[in-house]
Amino acid sequence: MSLLSSQHRHVALALAEAGSVLRAGQYRTAVTRAAPAQKQSQSIGGVKRGRKEKWEKKMNQERAQRNRDIPKFTRYPESKLQIPKTKERPAILPEVFQPGSGHSLDLPLFGPSTLTAKSVGQATSFDTTQTNAAKVFGLPNKMHFEYRILSTPCSVIRDVTLKAIHTLDKAKGSSSKDHRIVLHGRAGSGKSFLLHQVVQYAQTQGWVVLYIPRAVTLVNSTNSYTYDIRTQTYLQPRASYLTLDKLYKANSALLSQLTLSRELVTEKLNIPAGTTLAEVAQAGIKDKSFTSGPVVLETVLKELETQTKFPVLVAVDDFQALFHNSAYKDPFFQAIRPHHLSLPRTFLEFASGQRTLANGVFIGALTESDTAYAVPLELKDALNLESRHPVSPYDKRDQVKLGYTEGLKGLKVPERMSTNEMAGLFSVWKDDMALTTDKYDELFMSKYVESDGNPRDFVWKGLLSTLSP
C-alpha cells in the first residue's frame, strides 16, 4: 500500500507540475496576444492611434477651406508661367498669364490728362521707370500678383478716384493737420488700388512720396528691434534702413534740392548743415550695419516736416495694423505696443496730427480682409464705421489708441463698381487674352451679378476662377 501510494503520489506530482507549466504557457500566450492591443493604445508622435487619420482629414479640410476661393493656377511656380501665349492659343493654362510674351495692353498713361469726368471707366497704365513708387516701395500682395500676371500694370479710373485726386490737389500748400484721411469700405472694394492711384498721381505732380504698402510688416516681428534709452522706444534698424533707402530712390531728384538745417552728429556720422537731404540719406544707406538708419530717417523726416518747397505725401496701407499689439516681445515676454516701436509710432503721430507736414497730406487705407489685424473699435468710433456684430458701449476702448485717432476723416470707397467702371475692368482682362470664351456679354453680366459689383470678387472669384482646371 505504501509503495502504491508512493507511485500514485509521484504521478500526481508529475501531473500537477505539467498542469502548472501548461497554465504558464497559456498565460504567456494570452499576454503575447494581448500585447498588440496594449501597444495600439499608446501615443505615437503626440497623436493617439486611431486619431491620426481624423487629424489629417481635419487638416486637409481646413486647407481646402482656405484655398477654396483661390484659383489653382495662382499657386503655380514662376517657371510654369513663362510659356509664351499667342492669339491662336489665348487661354490655355499655364501660358495664359505669363510675362515676357511680347503681348502688351495699349492703354493711355495715367496722369492729369486722363483724370477727367469723361475718363471714368477707362483703364490707364502706369509708367515702369525705375523710380516709380510701385517699383521702389512695392505693392500689397494681391495687387502685386495681378500686376505680375497682367502684361501691363494698370487700373480703372472711378468716380472715387477723381474725388481723392481733388482732395489731394486741394490740400497742396496747406498743413497735413487739416488733411488726414483714411480710406475705408467693404473688403475688395478697391481701397488699395485707390491709394496706389493717389500715390502715382502725387509722384507725377512733383510730390515727395513715402508709401508703405504693407504696414503689417512693421508689427509682425519680421524685422530686428532694439531698445533705445534716449527715446524710450524700440528702434527697428533694418526696417528704418529699408524705408530710408526706398525714400531716397523714389525721390532722389527732389531730395537733392532740399538741405539740412542743422548738423547731424552721431557715433559714425558727422554731417554739416547745408548738406542736401539726398547726401544725408546716402550717408545712412552706406552704413550696412543698419545702426545709422533710424537716426538718419528721423532727421530726413523732420526736415520734410518743416520745408514748404515740395508737398509731401505719407501713404500707409494696412493702416489698422498699427493699432494692434505687435508680435514683438519685451524682456518680460509681453507684447510690445505699437506706439512703443519707432516706425509705427512715427506714422501714428502723423495720422493723429502730433507731427505735421507744413505742406503735405497723410492718407491711410484699411484692410477688412485681414482677420489677424481687424479694424479696432477705436478706429470704428473715430470714422463712424458700421460693425458686423453689435458693439456694446461698455466694451473697453484704449485711451492711448483713441488719442491717435483724433481728427481723422474717412473717405468711403463705394462697395460696388458701376457697370461703366466694371466694363473697363472687364476689358483689361479681355484685351489681355485672359478669357476662355468669346461670349463676352453673357460672361460679363453673369460675373457682375455673382460678385455683386465687388471688384476683387469679380476678378478673383469670377474671371480668374473660370481658368482653374
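Residues numbered from 1 in each chain as written. Predicted model: local features only at pLDDT ≥ 70, side-chain atom pairs only at ≥ 80, totals over all residues. Heavy atoms only, no water.

Caption draft 1: Focus on the sheet that holds strand E5 (residues 180-184). Overall, parallel pairing links the 5 strands, which are arranged E6-E11-E12-E5-E13 in an open sheet. Each having just a single partner strand, strand E6 (208-212) and strand E13 (409-412) make up the two edges of the open sheet. Shown here is a sheet whose adjacent strand axes are inclined to one another by a mean of 20°, direction ignored. As defined by bridge partners, E6 adjoins strand E11 (residues 312-317) across 5 bridges and the pair is classed as parallel. By the bridge assignment for E11, valine 208 is matched with valine 312. (Pairing = 2+ DSSP bridges. Helix = DSSP H or I, 4+ residues; strand = E, 2+ residues; numbered from the N terminus. Axes fitted to C-alpha atoms, helices over the stretch in contact; angles between N-to-C directions.)

Caption draft 2: Summary view of the side chain of serine 451. Within the element layout of this structure, serine 451 appears in helix H14 (residues 440-451). Overall, serine 451 belongs to the buried group, its relative accessible area being 4%. Reaching out from serine 451, the side chain makes a polar contact with the backbone oxygen of tyrosine 448 at a distance of 3.3 Å. Discounting chain neighbours no more than four positions away, the residues touching serine 451 are Arg186, Asp457 and Phe458. (Buried < 20%, exposed > 50% of the residue type's maximum accessible area, 1.4 Å probe, protein only. Polar contact = N/O pair within 3.5 Å; in protein donor to acceptor, adjacent residues only side chain to side chain. Contact = heavy atoms within 4.5 Å.)

Caption draft 3: How the structure looks around the environment of threonine 367. One can find threonine 367 in the loop between strand E12 (360-365) and helix H11 (377-383). Between the C-alpha atoms of threonine 367 and aspartate 318, which are 49 residues apart in sequence, the distance is 5.3 Å. Among all residues touching threonine 367, those that are not within four sequence positions of it are Asp317, Asp318, Gln320, Tyr373 and Val375.

Caption draft 4: Main features of the packing of helix H13 (residues 419-431) against helix H15 (residues 455-463). Contact geometry for H13 and H15: axes closest at 11 Å, N-to-C directions at 35°. Both H13 and H15 take part in a crossing whose hand is right-handed. The segment H13 lies against H15, with Met422, Leu425, Phe426 and Trp429 engaging Pro455, Phe458, Val459 and Leu463. The class makeup of the residues in the contact of H13 with H15 is 8 nonpolar, no polar and no charged. (Left-handed = near helix turned anticlockwise from the far one by under 90°. Nonpolar A, V, L, I, M, F, W, Y, C, P; charged D, E, K, R; others polar.)

Caption draft 5: Up close: the pairing of E11. For E11, the tally of buried residues reaches 6 of 6 residues, placing the bulk of the element in the interior. Sheet topology note: the E11/E12 ladder contains 6 bridges and is parallel. Paired with alanine 315 across the two strands is isoleucine 363, which belongs to E12. Taken together, E11, helix H10 (residues 342-352) and E12 constitute a β-α-β crossover, and its handedness is right-handed. (Right-handed = clockwise from strand over helix to strand, strands pointing away.)

Caption draft 6: Summary view of the layout of surface pockets. Within this model, the largest pocket holds a volume of roughly 1,100 Å³. Looking at the largest pocket, it is lined by 34 residues, and the ones nearest its centre are Arg230, Thr231, Pro294, Val295 and Glu298. Among the elements of the structure, strand E7 (226-228), strand E8 (233-235), helix H7 (237-255), strand E9 (264-265), helix H9 (293-306) and H10 are those that each provide at least two residues to the lining of the largest pocket. Looking at the lining of the largest pocket element by element, the count peaks at 8 residues for H9. (1 Å grid on protein atoms, 1.4 Å probe; cavity = no way out; pocket = protein on both sides within 12 Å on 5 of 7 lines; lining within 4 Å. Points joined across faces, edges and corners; volume = space filled by probe spheres on them.)

Caption draft 7: Focus on the environment of glutamine 282. Examined against the element boundaries, glutamine 282 turns out to sit in helix H8 (residues 277-286). A relative accessible area of 32% places glutamine 282 in the partly exposed class.

Caption draft 8: Just empty space enclosed by the protein, in detail. For the structure on display, the rule yields 2 cavities of 30 Å³ or more. Estimated volume of the largest cavity: approximately 40 Å³. Every residue lining the largest cavity is listed: Ala164, Thr167, Ile181, Leu183, Val198, Ile363 and Leu411. When contributions to the lining of the largest cavity are tallied by element, the ones reaching two or more residues are helix H5 (159-171) and E5. Of the pockets and cavities examined, the second largest cavity occupies roughly 30 Å³. As for the second largest cavity, its lining consists of Leu109, Phe110, Phe126, Asp127, Gln200 and Thr204.

Caption draft 9: Up close: the side chain of glutamate 303. Summarising the element assignment, glutamate 303 is placed in helix H9. We note that glutamate 303 is buried and unpaired, the nearest opposite charge coming from arginine 262 at a distance of 7.2 Å. There is a polar contact of 2.7 Å between the side chain of glutamate 303 and the side chain of serine 261. Setting aside anything within four residues of it in sequence, one finds glutamate 303 in contact with Thr259, Leu260, Ser261, Arg262 and Leu277. (Lys, Arg positive; Asp, Glu negative; His and termini not counted. Salt bridge = Lys/Arg side-chain N within 4 Å of Asp/Glu carboxyl O.)

Caption draft 10: The arrangement of the nonpolar core in detail. Residues Leu183, Leu304, Leu313, Val316, Phe319, Leu322 and Phe347 are the most contacted members of the largest nonpolar core, which totals 89 residues. Among the elements that line this core, the one with the most residues is H7, at 8 residues. Excluding residues that lie within four positions of it along the chain, valine 316 makes contacts with Leu195, Ile212, Ala215, Leu322, Phe347, Phe362, Ile363, Gly364 and Ala365. Counting residues in hydrophobic clusters, the runner-up holds 23 residues, among them Ile149, Cys154, Phe426 and Leu463. (Core = buried A, V, L, I, M, F, W, Y, C linked by side-chain atoms within 4.5 Å.)

Caption draft 11: Highlighting the pairing of E12. Of all the 6 residues making up E12, 6 are buried; the element is thus mostly covered by neighbouring parts of the structure. Here E12 shows a buried face lined by Gly360, Phe362 and Gly364 and a second buried face lined by Val361, Ile363 and Ala365. Examined bridge by bridge, E5 and E12 share 4 bridges and lie parallel to one another. Across the sheet, the residue bridging to isoleucine 181 is isoleucine 363, located in E12.

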